[in-house]
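Architecture and fold: a report
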Amino acid sequence: SLQGAECVCADPGSLFILSSSSQKEPKKKQQLSICNKLCYAVGGAPYQVTGCALGFFLQIYLLDVAQGSPSSTCSPFQVDPFSASIILFVGRAWDAFTDPLVGFCISKSSWTRLGRLMPWIIFSTPLAIIAYFLIWFVPDFPQGQALWYLLFYCLFETLVTCFHVPYSALTMFISTEQSERDSATAYRMTVEVLGTVLGTAIQGQIVGQADTPCLQDPNGSALASEGTNHTQSATSLKETQNAYLLAAGVIASIYVICAVILTLGVREQREPYETQQAEPMSFFRGLRLVMSHGPYVKLIAGFLFTSLAFMLVEGNFALFCTYTLGFRNEFQNLLLAIMLSATFTIPIWQWFLTRFGKKTAVYTGISSAVPFLILVAFMKSNLIITYVVAVAAGISVAAAFLLPWSMLPDVIDDFHLKQPQSHGTEPIFFSFYVFFTKFASGVSLGISTLSLDFAGYQTRGCSQPARVKFTLKMLVTIAPIVLILLGLLLFKLYPIDEEKRRQNKKDLQALREEASSSGCSDTDSTELARIL
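For clarity, every value in this text was computed on a predicted model and none was experimentally measured.

1. Section: the confidence of the model for the protein
- Mean pLDDT over the protein works out to 76, with 77% of the residues at or above the 70 mark.
- Averaged pLDDT values for the elements of the protein fall to 40 in helix α1 (residues 2-10) and rise to 93 in helix α6 (residues 118-135).
- Between residues 520-532, whose pLDDT stays under 50, and residues either more than four places distant or in other chains, the model counts six contacts.

What follows is the structure, encoded as structure tokens:
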């Protein structure tokens, strides 16, 4: 040991020269492989597949399929419309509330061998698929069905939030390079749009027989013919219930496969400056800092209006096609055209935002829907033009899908530069953005339902009064146009342009190198002191 000490002390300057030269070595750019990006992107499918199936089919399932005993005709065995509305509204409200709640819990989590976010994804998955399956299961007891569906709907929304919020925040921990995060986000958005197509296709094809024929006369004798053959009706209802269970099983299997791929193919990477912090910031202090960060408030305000616009179109699209345009049998094909168009144009938008900047992409992408919405508002029913509009709408939907998740990391980077001692706030950023998005969804649902109710909407009618058709046209065209224009005006206030983003990137890189150098210097000094 003495010889070793003498050997080190023989040329003490060489130790410092070696240390200085090692610090000056440029760091290699941290790149993600295509496999890493695909594994990360696949993790976005479960939320979209299940959300699409629930969004399009849960209401009709509760009203027409969720009957306790197919052989019985007693009213307590089925969910009435009022109970169904309570289930859907409370479920959406609870879903929005759980996002900041889960974000709070994640912010208090400590790093483990698997990371800080991955344990939430791993342990919530098996419970989520059980709850999802039970949503589509008809319990065999005469009372309390509404409570059953409310319980498992809220439970599933809680568990899928425990998956989706950490998955969304994972964007900040797969790489420290902005370009790599943007590229991974583009992969993710492509898979999520494919997830919506997959959810619609699986649920629609398997439970297609669950469609209920319309009533020519809501007050007439058509209802009387429903009870003419109870045995055939009971058999058909049972087959429909089994079809819903089969669809739930297929979608639950996709959920598990995607979660496994995400867990095995992605590793969290901790920021260098985070490792030097003694303890994480409290949630409420972090929330106060996040909500007082100007770029974040302006970003979510802009996307709140644009999201509300697209959700109004989404929520009323089926009714608009059925009653206003008269394309009752073309709804699923038009929806497929929108989603496929969005899927194929997401890579184009990724190239566009890289080439021209994200703010330019926002103005171009989201505003591109306005001319086609105007066309729909003033044209007569024409199937070919409707398909053209559907494809064009998909292009704008792709931009609305991609850009928020691509711009949020830039806001978080800006926050880290202004608050370098604040770490662990990423889940707060993402969870509150999701909260406001779901809030917009709830608002659009309430506005649509109340407007149609005031206009005199006739449940299960083959046609609707002129006032209902006009209201649907306003909800799908004029109202979204106004909201899009308001959102674009708010984006004018968003301060992070391409020049600011590049400067933030340089400053963050300098901060990371300083943190790494500080860590290396501390280690070298400790080792030298021990040797001396």
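2. Some remarks on a nonpolar patch on the surface
- Taken together, Phe372, Leu375, Ile384, Ile385 and Val388 make up a surface patch of nonpolar side chains, about 420 Å² in accessible area.
- Those elements that place two or more of their residues in the nonpolar patch are α14 (369-378) and α15 (383-418).
- Among the elements that take part in the nonpolar patch, α15 stands out by supplying three residues, more than any other.
- Looking at the element boundaries, Val388 is found in helix α15.
- Of the residues examined, Val388 reaches a relative accessible area of 47% and is grouped as partly exposed.

3. Things to note about the nonpolar core
- Within the largest apolar cluster, 125 residues are counted, with the highest numbers of intra-cluster contacts made by Tyr61 and Trp136.
- Once you skip the residues sitting within four places of it in the chain, Tyr61 turns out to touch Ala66, Ile135, Trp136, Phe137, Val138, Tyr149 and Tyr244.
- Core analysis: the second largest hydrophobic core is formed by 13 residues, Val313, Leu452, Ala455 and Val476 among them.

4. Some points on the side chain of Thr324
- By the element assignment, Thr324 lies in helix α11 (residues 294-324).
- Looking at Thr324, its side chain comes within polar contact range of the main-chain oxygen of Lys469, at 3.3 Å.

Analysis parameters
- Residues numbered from 1 in each chain as written.
- Predicted model: local features only at pLDDT ≥ 70, side-chain atom pairs only at ≥ 80, totals over all residues.
- Heavy atoms only, no water.
- pLDDT = per-residue confidence, 0-100.
- Helix = DSSP H or I, 4+ residues; strand = E, 2+ residues; numbered from the N terminus.
- Contact = heavy atoms within 4.5 Å.
- Patch = residues over 30% accessible without salt bridge, like charges linked within 9 Å, V, L, I, M, F, W, Y side chains within 5 Å.
- Areas by Shrake-Rupley, 256 points an atom, 1.4 Å probe, with all protein chains shown as cover.
- Salt bridge = Lys/Arg side-chain N within 4 Å of Asp/Glu carboxyl O.
- Buried < 20%, exposed > 50% of the residue type's maximum accessible area, 1.4 Å probe, protein only.
- Core = buried A, V, L, I, M, F, W, Y, C linked by side-chain atoms within 4.5 Å.
- Polar contact = N/O pair within 3.5 Å; in protein donor to acceptor, adjacent residues only side chain to side chain.

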